[in-house]
Amino acid sequence: MKNLQTLFLLPLLALASLFIKISMPGVYSQTISTTSYLSFGGSMNPHPVLTGPHMAYLGSRVAFWCIAHNSSPPVTYQLIRNSSIPIATGTDLQGDQPASFFLKVTATSEGLYHCNATAEGSTGVSNILTLSVVIPASNTRVTSEPSPPVAYEGSRIVLKCTVTRGSHLSYTWFFNRKEITSLTSPLFHLTGNELVMEQATPEHAGHYSCVASSMVQDIRRFSSSTEVKVTVKAYVSKPKISFSIISKGDGYQGNITCWSTRGSHPVNFSVSVNDEEVRSLTVNESLTVWFLVHVVLGQDMGVARCWVKTEAQELMSEPVTLEVVPVGGEVKAEVEYLYRADSKRAAAAKLRCMFSRGTFPHISWLLNDSVLPSETHEDLQSRANLPHVALANRSQTLVLTKLASEESGNYRCRVRDSFNDSGPWVESGDVLVQVTDRILNSMPRATSSTETPPKVFMTTTENIAIAFCCFLFLMLTAGVACVYRMFDHNQAQAHIAVTNPVQTVMS
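Note that the coordinates shown come from a computational prediction; the quantities given were computed from them, not determined experimentally. (Residues numbered from 1 in each chain as written. Predicted model: local features only at pLDDT ≥ 70, side-chain atom pairs only at ≥ 80, totals over all residues. Heavy atoms only, no water.)

(A) Main features of the overall build of the chain. Helices and strands together make up the secondary structure of the chain, namely three helices and 36 strands. Across the 507 residues that make up the chain, the buried fraction comes to 36%. Within the structure as shown, the chain displays about 30900 Å² of accessible surface, and the carbon and sulfur contribution to it stands at 56%. (Helix = DSSP H or I, 4+ residues; strand = E, 2+ residues; numbered from the N terminus. Buried < 20%, exposed > 50% of the residue type's maximum accessible area, 1.4 Å probe, protein only. Areas by Shrake-Rupley, 256 points an atom, 1.4 Å probe, with all protein chains shown as cover.)

Right, here's the structure in full:
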């Protein structure tokens, strides 16, 4: 009977042996025949099961357990690495007791592990476990391309989180001590241990750091880098130039101002006169510099330009003429009335001060011999009395934003050199601004000859109405003419009929 059972099990055991060979090719050098699954007494080979970790930190201690259930003691266990390297041996004398193998993880501990179980002269092979040795990160730092991490806007900047040692690592980046993620930080691109800024902007400038970490069985080990400062430079804008004059002792000095509205430091400013550099200055804070030059009143000293230079740019300003012409010649005031589109009454007035020459004029306005407040120094009492007065174009234009009785009177302007407070004034004649409650159909009779005629504005609707009336008048005239010609023609025919009667001849 036992022989029949053995013959019945042989095909099944052969199939199981074939399945093991197919699923684990090349792992074992030994071959297990189908007859080895049976002892002489008819018992089956042991079926050991190996359990243990899949990952372990370098230098830590790990344990493997191997057990072959339902095997008759004593059972001998052997732990094998990479198919052929024996690690340790253990014996179960009681039955159904696992053999424990404790190892200190080294760099050579990584590999494939299985165990053999031998009982009653038969040996069985367990499953295979893969052990990976994890090396914690150490000496983490941030490197950059370019190095140092300084670039102009629009450039590509790549930061790398590098370690001296480490394996199975993940990386976390921080910008100004806030974590960077792909979802919350669209300005950055995270790939592996790199943080990429494809087109750097001033918003990318700041302090960066990274953390390299690994995880084994809920145990996390990490290494943090120090912060690295990333600088994104802005391109400097085209410089601008201005020229002014100040009094110094018995003479005068010219002040050339050069400035740019944006740009990163350091920036070198220089000024040239007639294409020859005369001054140069490098700034690390402001983007405005001043250069003093000697000037002579009434003399053309040439053309000045500002230059700005950085490591990536060199730009030039527009030219300015270094000539100071004193105020002089004729000065006159002109008035222009402004009307609303729906009214024939003047709503506002604009006065302009016209003068023949003067490079740096200081203009002042007077109403009935009282000085009006200027742009730089306002008389609070005058401002309270004339709330509807405004100055524009460096006081060259005086605007009466609302015409009332307080704004009526004689206006005139006066001009002198702004750099000479004690210089003489050159005054214009008076211009009368008269405000009445009646509709102004013409200029006031008392105005000076320098006043300009009032402007009358017509709406589009009024223009269309006038054109339509003209067209209708022409059509009516043409119609009357046609009717008159038809009536005159009929009268003529009737007159001919009366003067020439038809005679009837009877036979």
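(B) Up close: the sheet that holds strand β28 (residues 328–339). Judged by pairing direction, the sheet is antiparallel, and its four strands sit side by side in the order β28-β29-β33-β32 without closing on themselves. Both edges of this open sheet fall to β28 and β32 (389–392), since each of them pairs with a single strand only. For this sheet the average axis-to-axis angle between neighbouring strands, irrespective of direction, equals 20°. Across ten bridges, the pairing between β28 and strand β29 (residues 346–357) is antiparallel. By the bridge assignment for β29, A333 is matched with C353. (Pairing = 2+ DSSP bridges. Axes fitted to C-alpha atoms, helices over the stretch in contact; angles between N-to-C directions.)

(C) Region of interest: the pairing of strand β4 (residues 75–81). The buried fraction of β4 is high, at five of seven residues. Counted along the chain from β4 to the antiparallel partner strand β5 (residues 85–92), the turn is three residues long, and its residue N82 has a positive phi close to 55°. Bridge count between β4 and strand β7 (residues 111–119): six bridges; the pairing is antiparallel. Bridge assignment links T76 to a residue of β7, and that residue is T118.

(D) Region of the structure containing the side chain of S317. Examined against the element boundaries, S317 turns out to sit in the loop between β26 (314–316) and β27 (320–323). The class for S317 is buried, based on a relative accessible area of 2%. A polar contact is formed between the side chain of S317 and the backbone nitrogen of C306, at a distance of 2.8 Å. Excluding its chain neighbours within four sequence positions, the residues that come into contact with S317 are K238, P239, K240, I241, R305 and C306. (Polar contact = N/O pair within 3.5 Å; in protein donor to acceptor, adjacent residues only side chain to side chain. Contact = heavy atoms within 4.5 Å.)

(E) Structural context of the state of the cysteines. For the structure shown, the criterion picks out four disulfides. What pairs with C258 in a disulfide is C306, and their sulfur atoms sit 1.8 Å apart. Judged by the sign of its S-S torsion, about -70°, the bond between C258 and C306 is left-handed. One end of the pair, C258, is in strand β21 (residues 251–259); the other, C306, is in strand β25 (residues 300–309), with 48 residues separating them in the sequence. (Disulfide = S-S within 2.5 Å.)

(F) Structural detail: the sheet that holds strand β6 (residues 99–104). The three strands are arranged β1-β3-β6 in an open sheet whose pairing can be described as antiparallel. Edge strands, defined here as strands with exactly one partner in the open sheet, are β1 (48–51) and β6. Averaged over neighbouring strand pairs, the angle between their axes works out to 20° when direction is ignored. The pairing of strand β3 (residues 61–68) with β6 spans six bridges and is antiparallel. If you follow C66 over to β6, its bridge partner there is A99.

(G) Here's a closer look at the pattern of salt bridges. Counted according to the given criterion, the structure contains 13 salt bridges. Measuring nitrogen to oxygen at the nearest pair gives 3.2 Å for the salt bridge that ties E334 to R352. Here R352 lies in strand β29 and E334 lies in strand β28, a separation of 18 residues in the sequence. With a relative accessible area of 16%, E334 lands in the buried category. Between D369 and R412 there is a salt bridge, with its nearest N and O atoms 2.6 Å apart. Placement of D369 in the loop between β30 (361–367) and β31 (370–371) and of R412 in strand β34 (residues 409–417) is noted, with a sequence separation of 43 residues between them. Residue classification places R412 among the buried positions, given a relative accessible area of 14%. Within the structure, one salt-bridge network assembled from shared partners comprises D369, R412, E427 and D430. (Salt bridge = Lys/Arg side-chain N within 4 Å of Asp/Glu carboxyl O.)

(H) Quick look at unusual backbone geometry. With an omega of 5°, the peptide bond between E145 and P146 qualifies as cis. Within the element layout of this structure, P146 appears in the loop between β10 (141–145) and β11 (150–152). For the bond running from S147 to P148, omega is -5°, close enough to zero to count as cis. Phi angles above zero are rare outside glycine, and D96 is one such case at about 55°. Looking at the secondary structure, you find D96 in the loop between β5 and β6. Positive phi outside glycine occurs at H168, with the angle close to 55°.

(I) A look at the nonpolar core. Among the nonpolar cores identified, the biggest contains 25 residues, and F243, I256, C258, F269, F291, A304 and L322 are the most heavily contacted of them. Listing elements by their share of this core, those giving two or more residues are β20 (240–248), β21, β22 (267–273), β24 (288–294), β25 and β27. Excluding residues within four positions of it along the chain, F269 makes contact with C258, W259, S260, R279, S280, L281, V283, L287, V289, F291, W307 and V308. Grouped together as the second largest cluster of nonpolar side chains are 23 residues, V327, Y337, L372 and V389 included. (Core = buried A, V, L, I, M, F, W, Y, C linked by side-chain atoms within 4.5 Å.)

(J) Just the side chain of S209, in detail. Relative to the helices and strands, S209 resides in strand β17 (residues 206–216). Excluding residues that lie within four positions of it along the chain, S209 makes contacts with V142, T172, W173, F174, S225, T226 and E227.

(K) Fine view of the packing of aromatic side chains. Tallied over the entire structure, the rule returns eight aromatic pairs. Pairing Y152 with Y235 gives two aromatic rings, centres 4.9 Å apart and planes at 15°, and the pair type is stacked. Taken as a pair, Y152 in strand β11 and Y235 in the loop between β19 (228–233) and β20 lie far apart in primary sequence, 83 residues in all. Ring centres of F188 and Y208 lie 6.0 Å apart, and the angle between their planes is 75°; on these two criteria the pair is classed as edge-to-face. Here Y208 lies in strand β17 and F188 lies in the loop between β14 (178–180) and β15 (189–191), a separation of 20 residues in the sequence. Pairwise contacts between aromatic rings join F243, Y252, F360 and F419 into one cluster. Stacked on the ring of Y57, the Lys or Arg R221 has its end atom at 4.2 Å from the ring centre. Across the ring face of W425, the terminal group of R414 is positioned such that the distance to the ring centre comes to 4.2 Å. (Phe/Tyr/Trp six-rings, centres within 6.5 Å; stacked < 30°, edge-to-face > 60°. Lys NZ or Arg CZ within 6 Å of the ring centre and 35° of its normal.)

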